[in-house]
Amino acid sequence: MQSSKLTQTLSFGLDIHTGSGDDLQTGCLEARRIRNEANRLDRAGWDWDEIKSTVVANADHVNNTTQLIVDKALGEIETNHDNKDDGWGDPTHTPTSRTRW
């Protein structure tokens, strides 16, 4: 006989009581750094699985939060790659972006 395990996912709101916004600011800066690192490694030609594992291993966020940020970044990069032939430029958040007037 096979044994099986039951997994239950909890969904709830987060109620933060803190006297300082420093943690939120630090978290936002780390999320931006994670995003920029994913973009940089993509431009350097890294495989996307390697990007994800490397960025997650080096991040100061909780792993699942970092994974979500990297997934979002790679999804947007993929959309950009898929639509380059349609005249899309680089996403506006990349350092190589140029505004066309």
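Just so we're clear, the structure is a prediction, and the values are computed from it rather than from any experiment. (Residues numbered from 1 in each chain as written. Predicted model: local features only at pLDDT ≥ 70, side-chain atom pairs only at ≥ 80, totals over all residues. Heavy atoms only, no water.)

Regarding the overall build of the protein
- Assigned secondary structure in the protein consists of three helices and zero strands.
- Counting helices and strands in the order they occur from the N terminus, the protein gives α-α-α.
- Evaluated residue by residue, the protein yields a buried proportion of 23% over its 101 residues.
- Long-range contacts, defined here as pairs at least 24 residues apart, represent 49% of the contacts in the protein between residues at least 6 apart.
- Summed over all atoms, the accessible surface of the protein reaches about 8,400 Å², with 50% contributed by carbon and sulfur. (Helix = DSSP H or I, 4+ residues; strand = E, 2+ residues; numbered from the N terminus. Buried < 20%, exposed > 50% of the residue type's maximum accessible area, 1.4 Å probe, protein only. Contact = heavy atoms within 4.5 Å. Areas by Shrake-Rupley, 256 points an atom, 1.4 Å probe, with all protein chains shown as cover.)

Concerning the pattern of salt bridges
- Inspection of every chain in the model, using the stated rule, returns five salt bridges.
- Ionic pairing is found between Arg35 and Glu76, a salt bridge with its closest N-O pair at 2.6 Å. Residue Arg35 is found in helix 1 (residues 22–43), and its partner Glu76 is found in helix 3 (residues 63–82); the two are separated by 41 residues along the sequence.
- Notably, a salt bridge pairs Asp71 with Lys52, separated by 2.8 Å at the nearest N-O pair. With a gap of 19 residues between them, Asp71 in helix 3 and Lys52 in helix 2 (residues 48–58) connect regions that are remote in the sequence.
- A residue is classified by how much of its surface remains accessible, and Asp71, at 37% relative accessible area, is partly exposed.
- Taking relative accessible area as the criterion, Lys52 reaches 27% and is therefore assigned partly exposed.
- Within the structure, one salt-bridge network assembled from shared partners comprises Arg35, Lys72 and Glu76. (Salt bridge = Lys/Arg side-chain N within 4 Å of Asp/Glu carboxyl O.)

Some words on the environment of Asn63
- By the element assignment, Asn63 lies in helix 3.
- Its relative accessible area of 45% is what places Asn63 among the partly exposed residues.
- Separated by ten residues in sequence, Asn63 and Ser53 place their C-alpha atoms 10.0 Å apart.

Observations concerning helix 2
- Among all positions in helix 2, only Ile51, Val55 and Val56 are buried. All buried residues of helix 2 project into a common sector of 115 degrees when viewed along the axis, lining one side. Looking at helix 2, the residues exposed on the side facing more than 90 degrees away from the buried face are Asp49, Ala57 and Asn58.
- Summarising the contacts, the buried residues of helix 2 are in contact with helix 1 and helix 3.
- Its side-chain oxygen placed 3.1 Å from the backbone nitrogen of Asp49, Asp47 serves as the N-cap of helix 2. (Arc of directions from axis to C-beta. Polar contact = N/O pair within 3.5 Å; in protein donor to acceptor, adjacent residues only side chain to side chain.)

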